[in-house]
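# Analysis of the macromolecular model
Residues per chain, in single letters:
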Amino acid sequence: MIRYNRLLTVFGLTMAFGVGSATFADVRLPSLFSDHAVLQQGVSIPVWGWADADENVAVTIAGQTQTAKAGADGAWRVTLAALKPGETLILTVKGKNTLIVKDVLVGEVWLGSGQSNMALTVNRCKDFEKEQTAAALPQIRMFTVDRVVGTTPQKECKGQWVVCASNTVGSFSATAYFFGRDLHQKLGVPVGLINSSWGGTPVEAWFSAEAMQAMPNGKIITDPWVARTAKPWDAAAAMAGYDKQVVAWKEAVKKAKAAGRESPRAPKKPVDPRLDPHYPANLYNGMIAPLIPYALRGAVWYQGESNARDDSAHLYGLQLQTLIQDWRVRWGSEFPFAWVQLPNFRSSDRNWPLIREGMLQMLKVPKTGMAITMDIGETGDIHPKNKQDVGHRLAFWALGTVYGQTVASICGPLPAGHTVKGSEVVCTFTHADGGLTAAGGALKGFVIAGADQKWVPASAKIVGDTVVVSSPDVKEPVAVRYAWAADPECTLFNG
């Protein structure tokens, strides 16, 4: 278990968990408790807010009332007894004033987080017109968290619950929506989706400073930020440097076009490093902390592209594990957590196989899962448009594990072990449901190595629920790889 101190100094900055007291004239609720909200079924439900110090607050829903007295800082919290799906409810909060939250549903609530492929909206995906026509699903709602950086954990965020309809679905996170739609259709209950995502951001921005400080080898990630923030931010000098970069970039674009090459990326406008969304814990502070302790069933995660560019890509699995543990500690619940494997994409500057390997290794964390997506990406687009299958695969995992339903398979084949027999390596797999099969008729993408650690192409054949790998150039094999490339050949499937 991770143990945290209440106050710590980290990255050269003192971070206090608990903003100073304030005056609250009226009883208030966080934005999560607003019209069209979805509450998690079958569990105790925390409801919290702010009022005058010592003010008595009563919260009423579905015939039950819970009361609390605001503390000296104005904060109050009650815990509602578990609710069941059914009719539309009204949540009433009464202190010196009365708040009425209308059109509240009870069902399944999931948090979706990560970077741009989680943020990618339905209107940017394939078959949008078809999806729009089929989007009259009022029992699906999405709360999108405004993108905010926080140097300390924030108590509130901005956002609103939006009811799914043809004129609203376009702005929904596509991965979260297609995942939630499958759950809604299979379970027959309302589904609430909380989308807290920001394109181009690394995993270390999404968990707390305390968790980062406790992570082994975390200094590899934090030390560069410490160096960048060692001196006061000079905005004028940064902008002068940026202007020079823009001039050089424009010239590089001209040369690239003339040579028929892909144009380089535009330089990013400078920002105070301490306010950068990439800074460790900044997005946890601004976009995750305000959601705690809203009752959830679980979380789904789509991120890793940014970390694939770093020298610390080999630490991604450890960082993902740290994030999962940190969020579970904060919520006080070992809730289910699944992520999307990085899909295939042509890339020369990103270490995608290391990120995928880290993801695979973290399946050792209890109550986790992974949607395998190496076959549904787009070679030339880091934002593949087929988010429908991403949602389906996440839903297979959730339905088969979290909800105990019978599904064809919760994921594709995963390596389980191996045996060396002479010059052959016999690889075994879990999730070989329906038997192993080779798409296109032959297995491809396998390489093999001996003690000299030189990888050579290998032949591979399916024998029952195993794959036998060999090469005439390797008489005494010690290792096998499959699909070890950013844009690999993927031919191994289950039935």
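Predicted model, so just to flag it, every value in this text is computed and none were measured.

## A closer look at the environment of glycine 495
- For glycine 495, the location among the structural elements is in the segment after strand E24 (492–494).
- Taking relative accessible area as the criterion, glycine 495 reaches 77% and is therefore assigned exposed.
- For the pair glycine 495 and leucine 120, spaced 375 residues apart in sequence, the C-alpha separation works out to 30 Å.
- Once you skip the residues sitting within four places of it in the chain, glycine 495 turns out to touch Asp433, Gly434 and Gly435.

## Quick look at the confidence of the model for the protein chain
- A residue-level look at the protein chain finds 95% of positions with pLDDT of 70 or above and a mean pLDDT of 93.
- Confidence over residues 1–22 falls short of pLDDT 50; this stretch has 49 contacts with residues more than four positions distant or in other chains.

## Re the sheet that holds strand E23 (residues 479–482)
- Spatial strand order, E20-E19-E23: 3 strands in an open sheet with antiparallel pairing. Edge strands, defined here as strands with exactly one partner in the open sheet, are strand E20 (456–457) and E23.
- Pairing geometry for strand E19 (residues 446–449) and E20, over 2 bridges, is antiparallel. Counterpart to isoleucine 448 in the pairing with E20 is valine 456.

## Digging into the nonpolar core
- Within the largest apolar cluster, 80 residues are counted, with the highest numbers of intra-cluster contacts made by Trp76, Ile194, Trp206, Tyr294, Trp301, Trp327 and Phe337.
- With 33 residues, the next largest nonpolar core counts Ile140, Val169, Leu193 and Val300 among its residues.

## Side note on the packing of aromatic side chains
- Scanning all chains against the criterion turns up 17 aromatic pairs.
- When the centroid spacing of 5.2 Å and the interplanar angle of 55° are considered together, the rings of tyrosine 177 and phenylalanine 178 count as tilted.
- Of the residues examined, tyrosine 177 reaches a relative accessible area of 0% and is grouped as buried.
- Take phenylalanine 178: its relative accessible area is 0%, and that puts it in the buried class.
- When the ring centre of tryptophan 484 is taken as origin, the NZ or CZ atom of arginine 481, which lies over that ring, is 4.1 Å away.

## Digging into the side chain of serine 409
- Inspection of the secondary structure puts serine 409 in the loop between helix H10 (387–402) and strand E16 (414–421).
- Relative accessible area serves as the criterion here: at 14%, serine 409 is assigned to the buried category.
- A distance of 2.7 Å separates the side chain of serine 409 from the backbone oxygen of cysteine 411, its partner in a polar contact.
- Contacts of serine 409, omitting those with residues within four sequence positions, involve Phe396, His431, Asp433 and Asn494.

## A few points about the sheet that holds E16
- Spatial strand order, E16-E17-E22-E21: 4 strands in an open sheet with antiparallel pairing. At either margin of the open sheet sits one strand with a lone partner, and together these are E16 and strand E21 (459–463). Between one strand and the next, the sheet's axes are offset by a mean angle of 25°, whatever the strand orientation.
- Relative to strand E17 (residues 424–430), E16 is paired through 7 bridges, and the arrangement is antiparallel. Pairing of histidine 418 across the sheet is with cysteine 427, part of E17.

## Some points on the pairing of strand E7 (residues 75–80)
- Here E7 shows a clear split, with Trp76, Val78 and Leu80 buried on one side and none of Ala75, Arg77 and Thr79 buried on the other.
- In this structure, strand E4 (residues 45–50) lies alongside E7, joined through 6 bridges in antiparallel fashion. Within the sheet, the bridge partner assigned to glycine 49 lies in E7 and is tryptophan 76.

## Remarks on the pattern of salt bridges
- What the rule picks out here adds up to 12 salt bridges.
- Salt bridges sharing common partners tie together Glu210, Asp326 and Arg330.

## Considering the side chain of glutamine 388
- Here glutamine 388 is to be found in helix H10.
- Among all residues touching glutamine 388, those that are not within four sequence positions of it are Lys126, Asp127, Glu131 and Phe178.

Rules behind the numbers
Residues numbered from 1 in each chain as written. Predicted model: local features only at pLDDT ≥ 70, side-chain atom pairs only at ≥ 80, totals over all residues. Heavy atoms only, no water. Helix = DSSP H or I, 4+ residues; strand = E, 2+ residues; numbered from the N terminus. Buried < 20%, exposed > 50% of the residue type's maximum accessible area, 1.4 Å probe, protein only. Contact = heavy atoms within 4.5 Å. pLDDT = per-residue confidence, 0-100. Pairing = 2+ DSSP bridges. Core = buried A, V, L, I, M, F, W, Y, C linked by side-chain atoms within 4.5 Å. Phe/Tyr/Trp six-rings, centres within 6.5 Å; stacked < 30°, edge-to-face > 60°. Lys NZ or Arg CZ within 6 Å of the ring centre and 35° of its normal. Polar contact = N/O pair within 3.5 Å; in protein donor to acceptor, adjacent residues only side chain to side chain. Axes fitted to C-alpha atoms, helices over the stretch in contact; angles between N-to-C directions. Salt bridge = Lys/Arg side-chain N within 4 Å of Asp/Glu carboxyl O.

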